[in-house]
Amino acid sequence: MSIWTPQPAGLQEILQTIRDSTDTQGNVQRAITHKLNTFTRVPDYIAYLAYILTALPQEEDQIRTIAGYLLKNNARLLLSVSPEVAEYAKSAVLQAFVSSPPLIRNAAGHDIVAFLGALEPRNWPDCLQQLVNMLDSPDPALQEAAFSVFEKACEDFPRKMDVEINGTRPLDYMIPKFLVLSEHPMPKMRSHAVACLSYFVPINSQSLFAHIDAFIACLFKRASDEDPSVRRHVCQALVLLLAARPEKLMPEMSNVAEYMLYSTKDKNESVALEACEFWLTFAEDPDLAAFLHPLLGRVAPVLLDCMIYGEDDLLWLDGDTEDTNVPDKETDIKPRHYGGKTHGLDRDQAEANGQERKRGAYGEETLDDEDEDDYDLDDDDFADEMSTEWNLRKCAAAALDVLAVRFGSELLNVLLGPLKNKLWSAEWLERESGILALGAMAEGCIDAIEPHLTTLVPYLINTLNDPKPLVRSIACWTLGRYASWCTQPISEQHKNSYFVPTMEGLLRMVLDDNKRVQEAGCSAFATLEEDAGPELVPYLEPVLRNLVFAFEKYQHKNTLILYDAVGTLADAVGRALQNSAYVEILMPPLTSRWAKLSDNDDDLIPLLECIASVTIAMGPAFSPYALPVFQRCVNIIHQSLLQYQAYQQNPDLDEPDKSFLVVSLDLLSGLAQGMGMHLESLIGQTSPNLLQLLTVCLKHPQAPVRQSAYALVGDLAMGCFQLLRPHLPAIMAELIEQLDPEPKVEFISACNNAAWSVGEVALRYGRDDLEFQQWVNPLIARLIPILLHPKAPRSLHENAAVSIGRIGLMHPNVVAPHLPEFAQAWCLALYEIRDNEEKDSAFRGLCTLVQTNPAGIAKSLLWFCNAIIRWHQPSAELNSMFQQLLSGFKHHDEAGWAAQVSSFPPVIQERLATRYGV
């Protein structure tokens, strides 16, 4: 094989571009980035980068290092270049790694990791062998650098390392080697050894588990290591073992627990954080609860002490300033993900199997009962009040949250004394950590804490006056965690003592002079809005005036949160927002912002999302603002589709951001829901025609676009069916195609919306309509397999069942023959759904199918009766259908009916007799 050599002109061009890249001017940087991206189309670009890194010692180290990092970022090109180029790049980075100064060696090390990740170790065994040999090098620096490469590789792709190569498994000799090196005199080597070993625990590597006892002995030996990095990795390894192989730790659990309690209080925060993760992992596994329970009295107070702000946090937070007039740095604003609207159904509180669903701070549902784990922590729960990266305080709060869910009142009994001491401490940092703990425990301990809330809620409201902004902000967050208790419509006294003062206190915090407090106040108020719902209606005017004043006061970051609070308010109060006085308060600031933002400004996305909620709530009262909103959405959709078409024709272009297209479709859905047939004149006035654009969106390659397009089809069917009808032949073909019994994860929401919208369309066509009839069999042929598929998500089962019911209501003669096939699955999918119009029309459809084909329900009668008695308040029409069917079954064969009903569970027998006399 010939050896690759560079062309002088090409080398100089790449070198000069890299030199220019050190210029700090933004416009220069953009041009350089674009030029570097074009180089990736040069067939031997990575060889040039490897050459600059390795073979040009006369160049500055900075230039060579940049070449190395560009090489790392383009490692995937190794898979498509010629063998000569690939071989040169591989040998060059190994050469640079062995014989270069530290800066270059470090860059080459990153390249080796990236190359191993792209090629996979089985395709570069020589590299593995050379790295293992370097672990015995007489040069300590090379020894440590090689182990550093191993650590990164083991962390990034342990499964790729755990393979057979040419009949042997490299890990079979590497694991014993790492175990020996855990005794190395150099702390860094010991640290790398423990780290590398630990990364093979989660993947259940047999090469490691063959030496599991030696590994655990190694961890105990290193547990008292003088080096904090080694101790940190010991803690990390124990956490991973607890998650993957807890049975191996149980015989030593008392020693492990003592060590972890001790380490959670380690002066080195990175060690303490890893140790704290142990308690989080321990609490998350329901099977380990019996082992954790005896430790609760010692673990919980330690976690409580870990929740006090550290000195580094306080320096970073700079929390005491009145900074409302200080513009935000753009780096403070996190990218927001906008995924589009999904149609789902609310479920009743679970009665099945006597299991309660997990509740939020006061009774609201928070998790699907089909979730694999008993408790799945979302770290974002602790994002608002602690905007730093994951740290000890945040981890301790998360662990306390999970312990509260796991042990409830027992945890509160343990912490009652320490928590009172903190809440009423003279030291503000102690008080602040106590308030955080109180919020963290809200979900799991609500039953035990509830008797104390008559004292605690006024305490929290009073704390909103604290001079320390960090105390005010955490008080907001914790009030938000108890908002559903404050908003309970228990009595007028409860409302005046807790709900109104909480609402007023949080509104004051929305207008605080500290930006962190504003953010916490606004987020907590949005939570209160969700929980309060219509209870907020009497207070709408002062609430709206406060939020509108915040628009004038807020900097960039908090304005985005304010949009969310306004949208949530509209969702909460619904059509109460139609009042002309409220429209005049709210719309001017929204339209002012709307006018200032260009069509490609990222801030337009949350504003459009907010306006979508407002349009639904205001309904026809939104009419004066509807035309410019409608026209702009259509323009954005049109431009987005053109941009995507250009991208498909030229993949070298950047892929357009789908968010603008998705949020515009969702705002049009809001208009369709709010204004109904009033949209007719708007659709007629705008060009290009919305419904033609919608048909294109239904075929879009990106699932979130299709998801929102299907939602818009359903909303248009509900609000202005006559406008939609001429376009339905093309639309229905796409809807049918989207219905998939086992969609990819990213397609689930699109499939959900498609399943829902076909039911809406079926209802609007009406009974036995000949045009719709052509689609009934193709739809049923896809919806029934979805309903029967064991792996289809529950939301998809539910939407499929509703649409089968609705299609059956309109076309019973076509659907009824299929009833025996799906009746049981249908009843199981919908019996827990909360009473609403969708469920009502679906059940009327099922009843019509049973009337048409009574034999079709025979084998599913128990499930049918169970679904009937789960209704709380069926409509008069539906209740009459239930009565008619049940009486018909009984009178048709009284003895047979009595025998069958006697085998039903007592609760079903009792309700059938009480409600329907059968």
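Residues numbered from 1 in each chain as written. Predicted model: local features only at pLDDT ≥ 70, side-chain atom pairs only at ≥ 80, totals over all residues. Heavy atoms only, no water.

Topic: the nonpolar core
The tendency in soluble globular proteins is for nonpolar side chains to be buried as a group.
So, step 1. F150, W279, W826 and F864 are the most contacted members of the largest nonpolar core, which has 334 residues in total.
So, step 2. When residues in this core are grouped by element, the largest group, eleven residues, is from helix α21 (residues 392-407).
So, step 3. Non-local contacts of W826, meaning those with residues more than four positions away in its chain, are made with L787, A801, I804, G805, A842, F843 and L846. (Core = buried A, V, L, I, M, F, W, Y, C linked by side-chain atoms within 4.5 Å. Buried < 20%, exposed > 50% of the residue type's maximum accessible area, 1.4 Å probe, protein only. Helix = DSSP H or I, 4+ residues; strand = E, 2+ residues; numbered from the N terminus. Contact = heavy atoms within 4.5 Å.)

What about the packing of helix α1 (residues 8-20) against helix α4 (residues 61-73)?
So, step 1. The N-to-C vectors of α1 and α4 enclose an angle of 105°; their axes lie 10 Å apart at closest approach. The orientation of α1 relative to α4 falls into the category roughly perpendicular. Of α4, the residues touching α1 (which contributes L15, I18 and R19) are I63, I66, A67 and L70.
So, step 2. For the contact of α1 with α4, a count of residues per class yields six nonpolar, no polar and one charged. (Axes fitted to C-alpha atoms, helices over the stretch in contact; angles between N-to-C directions. Parallel < 35°, antiparallel > 145°, perpendicular 65-115°, else oblique. Nonpolar A, V, L, I, M, F, W, Y, C, P; charged D, E, K, R; others polar.)

Considerations on empty space enclosed by the protein
So, step 1. In the structure shown here, the tally under the stated rule is one cavity of 30 Å³ or more.
So, step 2. By volume, the largest cavity amounts to about 40 Å³.
So, step 3. Taken together, S640, Y644, P656, D657, K658, L661, H700 and Q702 form the lining of the largest cavity.
So, step 4. Residue composition of the lining of the largest cavity, grouped by class: three nonpolar, three polar and two charged. (1 Å grid on protein atoms, 1.4 Å probe; cavity = no way out; pocket = protein on both sides within 12 Å on 5 of 7 lines; lining within 4 Å. Points joined across faces, edges and corners; volume = space filled by probe spheres on them.)

Quick notes on the pattern of salt bridges
Side chains carrying opposite charge are able to pair once their charged atoms draw close together.
So, step 1. Overall, the coordinates contain 37 salt bridges when judged by the stated rule.
So, step 2. A salt bridge links E832 to R794; the shortest N-O distance between them is 3.9 Å. Taken as a pair, E832 in the loop between α45 (819-830) and α46 (837-852) and R794 in helix α43 (residues 794-810) lie far apart in primary sequence, 38 residues in all.
So, step 3. For E832, a relative accessible area of 10% corresponds to the buried category.
So, step 4. On the basis of relative accessible area, R794 is assigned to the buried category, the value being 15%.
So, step 5. The structure contains a network of salt bridges with shared partners spanning E760, R764, R806, E837, D840 and R844. (Salt bridge = Lys/Arg side-chain N within 4 Å of Asp/Glu carboxyl O.)

Here we look at helix α17 (residues 269-284)
So, step 1. The first and last C-alpha atoms of α17 sit 22 Å apart over 16 residues, in line with the 22 Å expected at 1.5 Å per residue.
So, step 2. Counted residue by residue, α17 has twelve buried out of 16 residues, so it is predominantly covered.
So, step 3. Those residues of α17 lying buried are V271, A272, L273, E274, A275, C276, F278, W279, L280, T281, F282 and A283.
So, step 4. Each element contacted by the buried residues of α17 is listed here: α14 (228-244), α15 (246-249), α16 (253-264), α18 (289-292), α19 (296-306) and α21. (Expected span 1.5 Å × (residues − 1).)

Things to note about the packing of aromatic side chains
The relation between two aromatic rings is expressed through the spacing of the ring centres and the mutual angle of the planes.
So, step 1. Here the structure, examined in full by the defined rule, presents 25 aromatic pairs.
So, step 2. Site record: aromatic cluster; members linked through ring pairs are W826, F843, W871, F882 and Y916.
So, step 3. Here the guanidinium or amino end of R245 rests over the ring plane of F209, the centre of that ring lying 4.5 Å away. (Phe/Tyr/Trp six-rings, centres within 6.5 Å; stacked < 30°, edge-to-face > 60°. Lys NZ or Arg CZ within 6 Å of the ring centre and 35° of its normal.)

A look at a negative patch on the surface
So, step 1. Residues E530, D564, D571 and E609 make up a contiguous surface patch of negative charge.
So, step 2. With respect to the element layout, D564 can be found in helix α31 (residues 556-573).
So, step 3. Overall, D564 belongs to the partly exposed group, its relative accessible area being 41%. (Patch = residues over 30% accessible without salt bridge, like charges linked within 9 Å, V, L, I, M, F, W, Y side chains within 5 Å. Areas by Shrake-Rupley, 256 points an atom, 1.4 Å probe, with all protein chains shown as cover. Lys, Arg positive; Asp, Glu negative; His and termini not counted. Charge placed at Lys NZ, Arg CZ, Asp CG, Glu CD.)

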